[in-house]
Amino acid sequence: MQWETVIGLEIHAQLATKSKIFSGAATAFGSEPNTQACNVDLGMPGVLPVLNKAAVRMAVTFGVAIDAEIGQRSVFARKNYFYPDLPKGYQISQFELPIVGKGEVEIELDRGVHKPVGVTRAHLEEDAGKSLHEDFHGMTGVDLNRAGTPLLEIVSEPDMRSAKEAVAYAKKIHQIVQYLGICDGNMQEGSFRCDANVSVRPVGGPLGTRAELKNLNSFRFLERAINIEVERQIDLLEAGGKVVQETRLYDADNDETRSMRSKEEANDYRYFPDPDLLPVELDEGLIESIRTSMPELPDAKRARFSADYGLSEYDAEVLTSSKSLADYYEQAAKVAGDAKMAANWVMGEFSGALNKAGLTLEQSPVDADALGGMLLRIVDKTISGKIAKQVFESMWAGEGGADQIIEAKGLKQITDVGAIEAVVDGVLQANPGQVENYRNADEKKRPKMLGFFVGQVMKQSKGKANPQQVNELLLKKLD
Amino acid sequence: MHNKTISELAQGLRAGDFSSVELTQTYLDRVARFNPQLNSYITICEATALQAAALADQQISDGDAPLLTGIPIAHKDIFCTDGVKTSCGSKMLDNFIAPYDAHVVSLFKQAGAVMLGKTNMDEFAMGSSNENSFYGPVHNPWKSGAVPGGSSGGSAAAVAAGLCVAATGTDTGGSIRQPAAFCGITGLKPTYGRVSRYGMIAFASSLDQGGPMARTAEDAAAMLQVMAGFDTRDSTSAEQPVPDYTAGLNDDIAGLRIGVPREYLGGGLDPAIEASIQLALAEYKRLGAELVEISLPNTELGVPTYYVVAPAECSSNLSRFDGVRFGHRCSEPKDLEDLYKRSRGEGFGAEVKRRIMVGTYALSAGYYDAYYLKAQKIRHLISDDFRDAFKQVDVIMGPTAPSTAFGIGEKADDPVTMYLSDIYTIAVNLAGLPGMSIPVQPVDGMPVGLQLIGNYFEEAKLLNVAHRLQQVTDWHSATPAGFE
């Protein structure tokens, strides 16, 4: 039988507010357990939530970015269940009236092949704390620092038909929230989390029973978990079995999905409007002000990079894949004054160095101004592109700025005609046989043979002779 | 000293007739003497009260101290008090020392009031008789063996017996007004949102409202003046200016239109109570008011609606009492489920469990529309009844409760009969209106309350109307025998 996969994603993006969604406690990651939990976060008797307006603004910004319906009136609801890291015994979320309604994003499947994916809704909610099961001698520790951290839960339509599409969609949302500056996108720290609803059906048939996959904390795991789950479901169905509706956990170590709880064990969350919070009424003015102050989004930036900097579609896409990379590139290009050269360097040497060192852009030892400054020295012919690689390596190693390194190591390019001519003459005199051969060779073979002389001159000048001048002089003297 | 009003005491303190330390000691002595028989206090704060009194004396001698400076009051044990046990009448919180002050508590601190202690109450404010307290029932000062009403029964009994000058209470379905009626004192439930709920342990969030319980309308005004106001920590508190509640107390009420709902008279109402109500209404006529018969057609839906909404909210509000972070935890839990089941099973009393179960059921998938959603719709109808009535009248009056204080144990096994004792007060909470109870002609020596219902944020008018009656009658100044 021909099977078709159907996937919908629920993405939790942690909003980059300074304080929590319903209290004034800080949201910073990595503090000592329970040091960032105030009475409200601890669910003390008598405390009340107060909505953080910055979180509302960020949610609306996302809604505008995906051209979604914005709920002018949205309501917070309580999702009731017991768990030790859920202090109040309910999570404040949104149920019937979310802040962001139907929207859409476009994903690119192959070069030039685009597909729209529907966003059903996006709603605001608070995060729970963390249960720590290790190091407590048979007990469980609870850290409530994360409790009350604002989340935007973005729910897609079941529009994706493969793990690859799901990953493309997740990456797209990841890119958008980072561009908007509403989420840092850090998947390791859990700032951006995906759950996948996966089902299979005979092509064109009715929707199959879905399983919800959890614990997919990288794009690679997302893809892997979906593929494994699809295989599992198909095997099950083809063997005459039935898929049961359940939550399954992806176990990256064993590369399998495992049942966590079935539908029967699922909670009845008893949602009802939270009486402690008034409905959120958005006035058109706020939505309009967000609309007009919208940052440039990936698609627009890509188009601008192609148009303004003359970059290929591929280069523009790579350089806009994250906002931080795009910002880095633009700054380096601006300082260097050569957009194409900057693109080659950022995508080539620079990205290669990051990869090799296993660093993120933010951790790079060479900032955009420093790289741009070095490229400027290529542009103004102080150094050659080849020497630049050596300078870049030194900069990466923390030996200082480009000018400092060029000076200290005497890497300044030799452009004095007399000086270069002296080296050229020396090389020609030392290799009379080669000169003879060259002169006897036909036109077609000559360029290759010229390389020998260029190489010798560069070697003797320790790479500092201006290659263009060397070429010109050699041609003049050999012909 | 214990029969004086707040303004009389304030004058006495400023004139140097007595100090706050002396006044406080007088009340502490009365508490020590009478509380064992009344059980109106759960916690007595002798040392901190005397410290606060000494500080108040200093402030008064420095001049420019607010009216309540040095006045001994009590807080219902539902308000969190920093460093002081806040039990909410429950075993669940018997070990809970609140780490912060409720907004209301900090306002009284700022106003210089002296807190004598925390008063007894029905567990988590669920009850109409104060029998549902982990700390045992409170006795009505007017008759030992009779209930003081509830849930603010401890505050009502303490005020009536002169064990504090005034007290705070909370009212979700009548919990200030009904005990005020049973104990012969003046109690005011403000408009929903008038007083911050921050630090007031939630029972039913959309209905709960704190308010004053005092001997007179004038004292209630002084208390409300301190309590009322917007609080950024409570999203449901109202950003409305707070008027001067004492300024208009003596305003003439000639021409006042008093609505008397026909649904509030007759029916299950004790005829003797109806006679007391009519007597009070006749006094109002003498003061120049006009009586208008009105109808609140959805009155009988109040109790059933309330007993869906309030339990639904409480079932969620009380989830935080899970034995994990504070409050009662069972010994040696086997696992998480055991921890939850035994901690909650042991920590909560029967009425609280009953309401959590009713509320959980009402919110369950498949029942939500039939119960919770429907109740919310009826709530709108009830509000509409009042809105229409206030087009014709300025205030509404009727009985606070259908009977006088009943005996301890009399209704304890019959929750529905108990629930019906709030029939006249509940609709006011569902609509979010201000309501008040003031003492009128007693029946067989037991106090009777006249309920006054005002339009939104018209507490000043209610206080004025109540005060005018108290100027021409002395029902409010009666003192129970043995507590003179």
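As a reminder, the structure under discussion sits directly above these lines.
Owing to the predicted nature of the structure, the values given are computational and were not obtained by experimental measurement.

1. As for the interface of chain A and chain B
Inference 1: Each side of the interface is counted separately: chain A has 30 residues, and chain B has 38 residues.
Inference 2: Of all residues in chain A, the largest losses of buried area upon contact with chain B belong to P45, F82 and R270 of chain A, amounting jointly to 23% of the total for that side.
Inference 3: A salt bridge links D276 of chain A to R197 of chain B; the nearest nitrogen and oxygen atoms lie 3.0 Å apart.
Inference 4: Where the side of chain A that touches chain B is concerned, the elements lending two or more residues are β3 (76–80) and β14 (272–273) of chain A.
Inference 5: Per-class residue counts for the side of chain A that touches chain B are 20 nonpolar, five polar and five charged.

2. Quick look at the pattern of salt bridges
Inference 1: On inspection of all chains with the given rule, the structure shows 54 salt bridges over all chains.
Inference 2: Across the pair D327 of chain A and K323 of chain A runs a salt bridge whose closest N-O atoms are separated by 3.1 Å. Residue D327 of chain A and its partner K323 of chain A are located together in helix α7 (residues 323–336), separated by four residues, close to a single helical turn.
Inference 3: For K323 of chain A, a relative accessible area of 26% puts it in the partly exposed group.
Inference 4: One network of salt bridges, in which partners are shared, links R78, D274 and D276 of chain A together with R197 and D234 of chain B.

3. Some points on the pairing of strand β6 (residues 209–214) of chain B
All names here are of chain B.
Inference 1: Within β6, six of the six residues are buried, leaving the element largely enclosed by the surrounding structure.
Inference 2: Judged from the five bridges that link them, strand β4 (residues 166–171) and β6 form a sheet pairing that is antiparallel. Among the inter-strand pairings, A167 is bridged to a residue of β6, identified as M213.

4. Focus: the nonpolar core
Nonpolar side chains tend to gather and get buried jointly when the protein is soluble and globular.
Inference 1: One finds L68, F124, Y284, F386 and L452 of chain B to be the most contacted residues of the largest nonpolar core, which totals 144 residues.
Inference 2: The element that contributes the greatest number of residues to this core is helix α7 (residues 217–227) of chain B, accounting for eight residues.
Inference 3: Excluding its chain neighbours within four sequence positions, the residues that come into contact with F124 of chain B are C88, S90, M92, L93, I201, F203, L318, F321, F348 and V352 of chain B.
Inference 4: Core analysis: the second largest hydrophobic core is formed by 65 residues, Y90, A163, A196 and I287 of chain A among them.

Parameters at a glance
Residues numbered from 1 in each chain as written. Chains lettered and ligands numbered in written order. Predicted model: local features only at pLDDT ≥ 70, side-chain atom pairs only at ≥ 80, totals over all residues. Heavy atoms only, no water. Contact = heavy atoms within 4.5 Å. Buried area = accessible area lost by both parts, 1.4 Å probe. Salt bridge = Lys/Arg side-chain N within 4 Å of Asp/Glu carboxyl O. Helix = DSSP H or I, 4+ residues; strand = E, 2+ residues; numbered from the N terminus. Nonpolar A, V, L, I, M, F, W, Y, C, P; charged D, E, K, R; others polar. Buried < 20%, exposed > 50% of the residue type's maximum accessible area, 1.4 Å probe, protein only. Pairing = 2+ DSSP bridges. Core = buried A, V, L, I, M, F, W, Y, C linked by side-chain atoms within 4.5 Å.

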